[in-house]
Amino acid sequence: MSVNRCIYLLSRCHIRYRVCASTSFSTVTVANNTSLHPTRRTSEKLSKRHSSSDNSSRPLDTSLFIPLTVKSDEVWDAAIGAELTQPLDKSEILKVLNRFYKRKEMQKLAADQGLDARLFHQAFVSFRKYVLEMNALNADLHIILSDICCGAGHIDDIFPYFMRHAKQIFPMLDCMDDLRKISDLRVPANWYPEARAIQRKIIFHAGPTNSGKTYHAIQRYLAAKSGVYCGPLKLLAHEIYEKSNDAGVPCDLVTGEERKFVDPQGRPSGHIASTIEMCSVTTPYEVAVIDEIQMIKDPSRGWAWTRALLGLCAEEIHVCGESAAVDFVTELMFTTGEEVEVRNYKRLTPFSISNHAVESLDNLKPGDCIVCFSKNDIYSISRQIEVRGLECAVIYGSLPPGTKLAQAKKFNDPDDPCKILVATDAIGMGLNLSIRRIIFNSLVKPSVNEKGEKELDTISTSQALQIAGRAGRFSSVFKEGEVTTMQRDDLLVLKEILGKPVDPIAMAGLHPTAEQIEMFAYHLPHATLSNLIDIFVSLAQVDGLYFVCNIDDFKFLADMIQHIPLNLRSRYVFCTAPINKKQPFVCTSFLKFARQFSRDEPLTFDWVCRNMNWPLAPPKNIKDLVHLEAVHDVLDLYLWLSYRFMDMFPDANLIREIQQELDGIIQVGVRNITRLIRATENHSAETTVSIRLPDSDTLPQRRGRVLKAHNQRKELRPSDSSLSSRLLRDGLLTKELLEQLQKEWVREQSQHGDDLVSTNKGKRKKK
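What you see is a predicted model; the values in this text were computed from it and never measured.

**Considerations on the packing of aromatic side chains**
Reasoning step 1: Counted under the stated rule, the structure contains 18 aromatic pairs.
Reasoning step 2: Considering the side-chain rings of Phe 593 and Trp 607, the 5.9 Å spacing of their centres and the 50° angle between planes classify their relative orientation as tilted. Note that Phe 593 is positioned in helix H22 (residues 584–598) and Trp 607 in helix H23 (residues 605–612), a separation of 14 residues in sequence.
Reasoning step 3: Using a relative accessible area of 3% as the deciding quantity, one classes Phe 593 as buried.
Reasoning step 4: Exposure remark for Trp 607: the relative accessible area of 12% places this residue in the buried category.
Reasoning step 5: Ring centres of Phe 593 and Tyr 638 lie 6.2 Å apart, and the angle between their planes is 80°; this geometry places the pair in the edge-to-face category. A residue pair is termed long-range when its members are at least 10 positions apart, and Phe 593 in helix H22 and Tyr 638 in helix H24 (residues 622–642) qualify at 45 residues. Here the two residues Phe 593 and Tyr 638 agree in accessibility, since each one is buried.
Reasoning step 6: Among the aromatic residues, those joined into a cluster by ring pairs are Phe 574, Phe 590, Phe 593, Phe 597, Trp 607, Tyr 638, Phe 645 and Phe 649.
Reasoning step 7: Here the guanidinium or amino end of Arg 259 rests over the ring plane of Tyr 643, the centre of that ring lying 4.1 Å away.

Here it is in structure tokens:
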């Protein structure tokens, strides 16, 4: 007998088999008192949920559990099993394993250990592959399988070894209770001990658009010794920042991409105007203002309003928003033991629904604003307005803030010939506009639901009121507002929408924090960040007042940079960056930023300029304009990251300079947008229009000289002198319309030929 065999027998002593017929399950006991039988299922039950939305009552989505690959390392007792028994017959082992898989008792025991049908199948496939493909198995498993094949063992004896393998490929089975505790989101108010340590006064300013609710809250904010304003947009934060400082109240600005301190030494002021995501929940204030509280239900950003409402450490919290949010906020504050004082406001200026649709752009009047829900509609309508000899301003979401303000100023200026505005619903917040009449070009808007799925649906009453309320604002030259539609059929639908009450808010959004994801990663070190987030949301427990916000954008970025070596905290921060994932240039730049960061190489000004081919030429068509907007977004991304990783993004000031310069180029492009559209329609280099940038002392002279070279107007080549060519060149006719006219002309000529053969028949065919 070999030495190894003797050592093995002495260490194992006697292996005893006990087959329990009552449970159809056998336990292998060894002399050192170790046992491989399954751990007992905990009888601990979760507490009763607040409502039916409790996630613990729904089955776990085990499709999110990705099996790991078990490494086939050499084992010290690999050859001993064959020495003690005999080599295994792989065909017999396959039959034994398949019989084990079909036993209902084994499936039930596995389910008690957390393996549902899907995981049981995946674990079995992996276990079978492991057993059949390993050159030599562990001695204990080898002996068990050999005894079963010889009729000396029970097939159920395989179960402990199967479960050991299952927990190797699904490590979350051993820590499911811990994961559930980490993802328990039922009492988010307890996440903010500083706010719970004081008795806060909640004042809800409720009313429609243009009712003065935010004005009264800001007056209290300005009168306080210290305060913070939390708004949904950078434009709104900028507005409060300027108003505060103009009123003699020193105020700092804090947004994701920008910090402005009034004090030259950088000491913080008592007042701060910030975007909602950037507000501090640890700094004490006398007064806090939370604007547009109804966005607490937003599927993507709602968590930021929840965090501010529950976590701001202020003596007074002034909440501004729709009346539909009053009951919900009151109920939410009941969980923190804080009462809500409600102050109701009415609209300061009336607005009415017209009895007639506009139907034609020929019926536009000064002060009209046409609201579209796509950029293509904006391009088309602004082009048609220009054909009629009118000027129009253009505002849509992807424009830089400076360009939006410039277009708003152009439209509001009584001395400017521009009297028409074409815009998306981006005008619903953040811009003061002198609009007489809101005209809905359409009532159907693309949106994303709670599951992250894209939908086309009629706008809600809340959305319609938010947009329609921009007409006839108190501070504008028009003291009465009017709202109508472009199409006659839409007018009745609009009246029906505006006649309905606004749906009350029912739930507030939540989002997993970096700390929670880090704790998850500790238990599941081999899972990807995207997979960690999926498992977290699947296990998350929330009561009836909350929901977990949509995390598709987060997962999109996590998957994009998964192959790049980053630590978990840095990876999480990168994935929370606010980028437009629809822009390929933005996504590519994001990827380059992450890769450069992972190499521990600073992203310098020169590196950024090389990667975006700076300096950039003025736009010659719509495609160029869209690219410039994407470049502006990339510069925003750099600035956003520069405040999270200052040493790796060191040139924020230089980047901000060229971003301001780029904003100026985009402004010129938007002012000439109809010329860009015309150039795009012509699809010809000969008709491409170059735009001359105005001289500006505010642009850096060094780059101004480069831009000047790009602004030289190119000579247009002589083109065909035919009538159709001239109409195309002047923008009075599009190629599509020309093709349609040509088809009609050919059809009419054919019909005229038929008339010569049969007059009566030709008359019937003629249109």
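**Examining the pairing of strand E3 (residues 201–206)**
Reasoning step 1: Within E3, five of the six residues are buried, which leaves it mostly tucked inside the rest of the structure.
Reasoning step 2: Two strands pair when backbone bridges link them, and E3 and strand E9 (residues 314–321) are joined in this way by six bridges, in the parallel orientation. In the strand pairing of E9, Phe 204 is matched with Val 319.
Reasoning step 3: Here E3 pairs with strand E10 (residues 340–344) via five bridges, running parallel. Note that in E10 the partner of Ile 203 across the bridge is Glu 341.

**What about the sheet that holds E3?**
Reasoning step 1: If you trace the eight strands from one edge of the open sheet to the other, you get E6-E5-E7-E4-E8-E9-E3-E10, paired in mixed fashion. On the outer flanks of this sheet lie strand E6 (259–260) and E10, each paired with one strand and no other.
Reasoning step 2: Strand direction decides the pairing type here: strand E5 (residues 251–254) and E6, joined by two bridges, are antiparallel. Counterpart to Leu 253 in the pairing with E6 is Lys 260.
Reasoning step 3: Along the sheet, helix H10 (residues 213–223) contacts E3, strand E4 (227–231), E5, strand E7 (271–275), strand E8 (285–290) and E9; its crossing angle with E9, the most-contacted strand, is approximately 160°.

**Details of the packing of helix H18 (residues 514–523) against helix H19 (residues 529–539)**
Two packed helices can be described by the angle between their axes and the distance between those axes.
Reasoning step 1: Running from N to C, H18 and H19 cross one another at 105°; their axes reach a closest spacing of 10 Å. Between H18 and H19, the interaxial angle falls into the category roughly perpendicular. Along its contact with H18, which presents Gln 516, Ile 517, Phe 520 and Ala 521, the element H19 presents Leu 529, Leu 532, Ile 533, Ile 535, Phe 536 and Leu 539.
Reasoning step 2: Residues of the contact of H18 with H19, tallied by class, amount to nine nonpolar, one polar and no charged.

**Describing H10**
Reasoning step 1: Residues Lys 213, Ala 217, Ile 218 and Tyr 221 constitute the buried set of H10. For H10, the angular spread of the buried residues around the axis is 120°, confining them to a single face. Away from the buried face of H10 by more than 90 degrees, exposed residues Tyr 215 and Ala 223 are located.

Cut-offs and rules
- Residues numbered from 1 in each chain as written.
- Predicted model: local features only at pLDDT ≥ 70, side-chain atom pairs only at ≥ 80, totals over all residues.
- Heavy atoms only, no water.
- Phe/Tyr/Trp six-rings, centres within 6.5 Å; stacked < 30°, edge-to-face > 60°.
- Helix = DSSP H or I, 4+ residues; strand = E, 2+ residues; numbered from the N terminus.
- Buried < 20%, exposed > 50% of the residue type's maximum accessible area, 1.4 Å probe, protein only.
- Lys NZ or Arg CZ within 6 Å of the ring centre and 35° of its normal.
- Pairing = 2+ DSSP bridges.
- Contact = heavy atoms within 4.5 Å.
- Axes fitted to C-alpha atoms, helices over the stretch in contact; angles between N-to-C directions.
- Parallel < 35°, antiparallel > 145°, perpendicular 65-115°, else oblique.
- Nonpolar A, V, L, I, M, F, W, Y, C, P; charged D, E, K, R; others polar.
- Arc of directions from axis to C-beta.

Such coordinate-based values are descriptive only and should not be taken to indicate function.
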